[in-house]
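Topology and contacts: notes
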Amino acid sequence: MNDKMKKILLPLSSLVLLVIGWIYISYTMPALFPSPAETWARFLKLLKTPLARVPLYLHILRSLRRVLVALFFASVLGIGFGIMIGWNRTLKATLGSLFELIRPIPPIAWIPLITIWFGISELPKVLIIFIGTFPIIVTNTYTGVAMTDPLTLQVGKVFRASKLRLLTDFVLPSGLPAIFSGIRMAIGVGWAIVLAAEMVGATSGVGFLIYRGNELRDMALIFVCMFIIGIIGALLSAGASYIEKRLCAWNS
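The structure reproduced in this document is the subject of the present report. (Residues numbered from 1 in each chain as written. Predicted model: local features only at pLDDT ≥ 70, side-chain atom pairs only at ≥ 80, totals over all residues. Heavy atoms only, no water.)

A few points about the overall build of the protein
Stated formally: Under the scheme used here, helices are H or I runs from DSSP no shorter than 4 residues and strands are E runs no shorter than 2 residues, and both carry numbers assigned from the N terminus. Think of it in three bands: residues with accessible area under 20% of the maximum for their type are buried, residues over 50% are exposed, and the middle band is partly exposed, with areas taken using a 1.4 Å probe on protein chains only. The contact rule is simple, with two residues in contact once any of their heavy atoms fall within 4.5 Å.
Counting its regular elements, the protein contains 10 helices and zero strands. Taking all 252 residues of the protein together, the buried fraction comes to 37%. Pairs at least 24 apart in sequence give 72% of the contacts found in the protein among residues at least 6 apart.

Brief notes about the packing of aromatic side chains
We apply this condition: We call Phe, Tyr and Trp rings a pair once their centres come within 6.5 Å, taking the six-membered ring for Trp, and we label the pair stacked below 30 degrees between planes, edge-to-face above 60, and tilted otherwise.
Counted by the stated rule, this structure contains nine aromatic pairs. A ring pair is formed by Phe33 and Phe223, whose centres lie 4.9 Å apart and whose planes are at 80°; its orientation type is edge-to-face. Within this pair, whereas Phe33 is found in the loop between α1 (3-28) and α2 (36-48), its partner Phe223 is found in helix α10 (residues 219-247), the two being separated by 190 residues in sequence. The exposure class assigned to Phe33 is partly exposed, which follows from its relative accessible area of 24%.

Considerations on the environment of Glu38
The condition is simple: A 3.5 Å cut-off defines polar contacts: any pair of N or O atoms within that distance qualifies, except that in protein one atom must be a possible hydrogen donor and the other a possible acceptor, and neighbouring residues in sequence count only when both atoms are side-chain atoms.
In this structure, Glu38 sits in helix α2. Using a relative accessible area of 44% as the deciding quantity, one classes Glu38 as partly exposed. On a C-alpha basis, the gap between Glu38 and Ser26 in space is 9.8 Å, while along the polypeptide they are 12 residues apart. For Glu38, the side chain forms a polar contact with the main-chain nitrogen of Ser35, separated by 2.9 Å.

Re unusual backbone geometry
One non-glycine residue with positive phi stands out, namely Arg217, at about 55°. Here Arg217 falls in the exposed class, since its relative accessible area comes to 57%.

Side note on the packing of α2 against α10
Helix-helix packing is characterised by the crossing angle of the two axes and by the distance between the axes. The line we're drawing: All axes are obtained by fitting lines to C-alpha atoms, using only the stretch in contact for helices, and the reported angles, taken between N-to-C directions, cover 0 to 180 degrees. Roughly parallel means an angle under 35 degrees; roughly antiparallel means over 145; roughly perpendicular covers 65 to 115; every other angle is labelled oblique. Three residue categories are used. Nonpolar comprises Ala, Val, Leu, Ile, Met, Phe, Trp, Tyr, Cys and Pro, charged comprises Asp, Glu, Lys and Arg, and polar comprises the others, including Gly.
Orientation of α2 relative to α10, taken along the N-to-C sense of each, is 80°, at an axis distance of 9 Å. Relative to α10, the element α2 is oriented roughly perpendicular. Judged by residue contacts, Glu38, Thr39, Arg42, Phe43 and Leu46 of α2 engage Ala220, Leu221, Phe223 and Val224 from α10. In the contact of α2 with α10, the residues fall into six nonpolar, one polar and two charged.

Description of the packing of helix α3 (residues 56-87) against helix α9 (residues 206-216)
Running from amino to carboxyl end, α3 crosses α9 at an angle of 120°, the nearest separation of the two axes being 7 Å. Accordingly, the angle class assigned to the pair α3 and α9 is oblique. In contact with Leu56, His59, Ile60 and Ser63 of α3, α9 contributes Val206, Gly207, Phe208 and Leu209. Tallied by class, the residues present in the contact of α3 with α9 amount to five nonpolar, three polar and no charged.

Let's talk about the side chain of Asn140
By secondary structure assignment, the location of Asn140 is in helix α6 (residues 122-146). Those residues in contact with Asn140 that lie beyond four places of it in its chain are Ala178, Ser181, Gly182 and Met185.

Quick word on the pattern of salt bridges
The following threshold applies: Only one rule defines a salt bridge in this text: a Lys or Arg side-chain nitrogen within 4 Å of an Asp or Glu carboxyl oxygen.
Counting across every chain of the model gives six salt bridges. Arg42 is the salt-bridge partner of Asp218, the closest N and O atoms lying 2.8 Å from each other. In this pair, Asp218 is assigned in the loop between α9 and α10 and Arg42 in helix α2, connecting sequence segments 176 residues apart. Taking the relative accessible area as the measure of exposure, Asp218 reaches 18% and is therefore buried.

With respect to the environment of Ala41
Looking at the element boundaries, Ala41 is found in helix α2. Judged by its relative accessible area of 42%, Ala41 falls in the partly exposed class. Separated by 180 residues in sequence, Ala41 and Leu221 place their C-alpha atoms 9.8 Å apart.

Remarks on α9
Restricting attention to buried positions, one finds in α9 the residues Val206, Gly207, Phe208, Leu209, Ile210 and Gly213. Following α9 by one or two positions, Arg217 adopts a phi angle in the positive range, close to 55°.

Now the structure itself:
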C-alpha cells in the first residue's frame, strides 16, 4: 500500500470505527446517547424549525463573529506584545513578569468579574474569548522571537543591519511558524471558550443552543451543536494552515 492510499484509508477507517462505536453506545444507552439517525433527524428539524426564533445559520454566524472578532484583536495585540517582550530585555523583565503572573488564570474565572463590570451584552462574550486566546498567541510569538538562531542575527550584524531591520528581516520571518502555530491553537481554544461565553445571557449562538439543549434534556441537539463546532473549528484551522503555507513557504 503506497503512502497516498494510506492517507485516504487510515482517516476513513478511523471514521468508520467512530460511527460503529457511536451506534453501539447509542444502542446500549439510548436515553443518554442519541444514535446517528436521531442526530441527523434533529439537525434537519433544527434547519426547518428555528430555536429561539433564530435560524441555525444565524446561530453559527453569531458565534463565528464573536470568535473571529476576539481572535483578530488577540492576534494584533498578542503578536505585538509577544514581539516586545521577546525582543526587549527590559520589557521582558517588567511587562513579561506581569504577563506570567496573569497568564495561568483560566478565562472562565474572569466571567463573574466581566459580567459585573460589563453586564451581559455582546462585549463581555468577545472579551472572555479574547482573554482565553490572547495568552496563547503572546506565548508562541515570544517563543518564536526568543528562539531565533543567534547565527542568523550575527549575519545581520555583519551587514550592519539596524535593530529594526534585524527584527523585520531576520527575527519575524524566523518566528512566523511559531506565531501561526499559536493562532491555530487559539482558534481551537476560542471555539471552546465561546460555549462558556454564550452561556452568560446569550440569546443566540451555538453555545446558547447547547445550553438550551441541556435545559430541555435534548441530547440530540447537543450532539448536533458539538459536530457543528468541530467542523467549523477544523475549517478555521485548515484556513490558518493554508495562509501559513503561503506566507511561510520556506518552512516546508
